[in-house]
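Here is how the chains run, residue by residue.
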Amino acid sequence: MSNDASSLTAQDLEFLRRPLHGFLSVAEGPVPPQPRPVWFEATAEGTIQLFTAPDSLKVRRLRRDPRASIVVAAPVGERERWVSVTGRVSVESDGAHELCARLAARYWDLDDPARADDLAGILATEQIRLVIHPETVSRFTF
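Per an unreviewed UniProt entry, the protein chain goes by the name Pyridoxamine 5'-phosphate oxidase family protein and belongs to Streptomyces rhizosphaericus.

Below, the structure is given as structure tokens:
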């Protein structure tokens with residue numbers, strides 16, 4: 001395992017640009033984190049962003065305490081590898097629908113009418129963008 005105080009490496013970004021699920025945990029004082037699988041995007045600026053409904057529990061928790069982490073692991077059948085990013089989260093009102101559309105194209109086959117309908121349903125609702133600004137990056141590659 002290695003740590004880099006605050007930034008993602010080129011190898012991290014290459015790994016994180018794959019259609020993998022991340023497991024997001026948000027801070028909540030003495031309550032243990034409750035990780036949730038999420039779609040995410042690693043940006044060229046080295047942040048991690050995802051979208052969610054503005055009234056979700058994670059947003060309410062982040063408004064009280066903006067700390068979060070995401071862990072992304074290689075799937076079964078590949079050599080063991082993971083990246084963990086911890087940092088403060090900003091809640092952004094812009095860009096969520098565009099992010100959602102990009103991620104849906106990455107994770108789903110949008111030629112499938114059911115998936116296209118699923119995307120249309122999400123885009124018909126209000127969404128916000130969460131941006132994790134890395135403070136600590138840890139990684140393991142076997």
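Caption draft 1: Here's a closer look at the overall build of the protein chain. A count of helical and extended segments in the protein chain gives four helices and eight strands. Ordered by position from N to C terminus, the α and β elements of the protein chain give β-α-β-β-β-β-α-β-β-α-α-β. In terms of overall dimensions, the protein chain is globule-like: its C-alpha atoms have a radius of gyration of 15 Å, near the 14 Å expected for 142 residues. Here the protein chain holds 142 residues, and 41% of them are scored as buried. Sequence separation of at least 24 residues holds for 74% of the intrachain contacts in the protein chain that already meet a minimum separation of 6. For the protein chain, the exposed area adds up to about 7,900 Å²; of that, 54% sits on carbon and sulfur atoms. The positive charge centre, built from 17 side chains, and the negative charge centre, built from 20, are 6 Å apart in the protein chain.

Caption draft 2: Expanded view of the nonpolar core. Ranked by internal contacts, the top residues of the largest apolar core, which has 35 residues, are Leu8, Leu16, Leu24, Ile48, Ile70 and Val85. Residue assignment for this core shows that the elements contributing at least two residues are helix 1 (10-16), strand 2 (22-26), strand 5 (48-52), helix 2 (57-64), strand 6 (67-73), strand 7 (81-92), helix 3 (96-107) and strand 8 (128-141). Among residues more than four places away in sequence, those in contact with leucine 8 are Leu13, Leu16, Gly46, Ile48, Val83, Val85 and Val137.

Caption draft 3: Summary view of the pairing of strand 7. One ladder, built from seven bridges, connects strand 6 with strand 7; its direction is antiparallel. Considered in strand 7, the bridge of isoleucine 70 is made with valine 85. Sheet topology places strand 7 next to strand 8; 12 bridges connect them, and they run antiparallel. Along strand 8, the bridge assignment pairs glycine 87 with proline 134.

Caption draft 4: Inspection of the pattern of salt bridges at higher detail. By the definition in use, this model includes seven salt bridges. Arginine 67 serves as the salt-bridge partner of aspartate 65, at 2.7 Å between the closest nitrogen and oxygen. The shortest N-O distance in the salt bridge between glutamate 135 and arginine 88 comes to 4.0 Å. Within this pair, whereas glutamate 135 is found in strand 8, its partner arginine 88 is found in strand 7, the two being separated by 47 residues in sequence. The class of glutamate 135 is partly exposed, set by a relative accessible area of 42%.

What counts as what
- Residues numbered from 1 in each chain as written.
- Predicted model: local features only at pLDDT ≥ 70, side-chain atom pairs only at ≥ 80, totals over all residues.
- Heavy atoms only, no water.
- Helix = DSSP H or I, 4+ residues; strand = E, 2+ residues; numbered from the N terminus.
- Rg over C-alpha atoms; globule rule 2.2 N^0.38 Å.
- Buried < 20%, exposed > 50% of the residue type's maximum accessible area, 1.4 Å probe, protein only.
- Contact = heavy atoms within 4.5 Å.
- Areas by Shrake-Rupley, 256 points an atom, 1.4 Å probe, with all protein chains shown as cover.
- Lys, Arg positive; Asp, Glu negative; His and termini not counted.
- Charge placed at Lys NZ, Arg CZ, Asp CG, Glu CD.
- Core = buried A, V, L, I, M, F, W, Y, C linked by side-chain atoms within 4.5 Å.
- Pairing = 2+ DSSP bridges.
- Salt bridge = Lys/Arg side-chain N within 4 Å of Asp/Glu carboxyl O.

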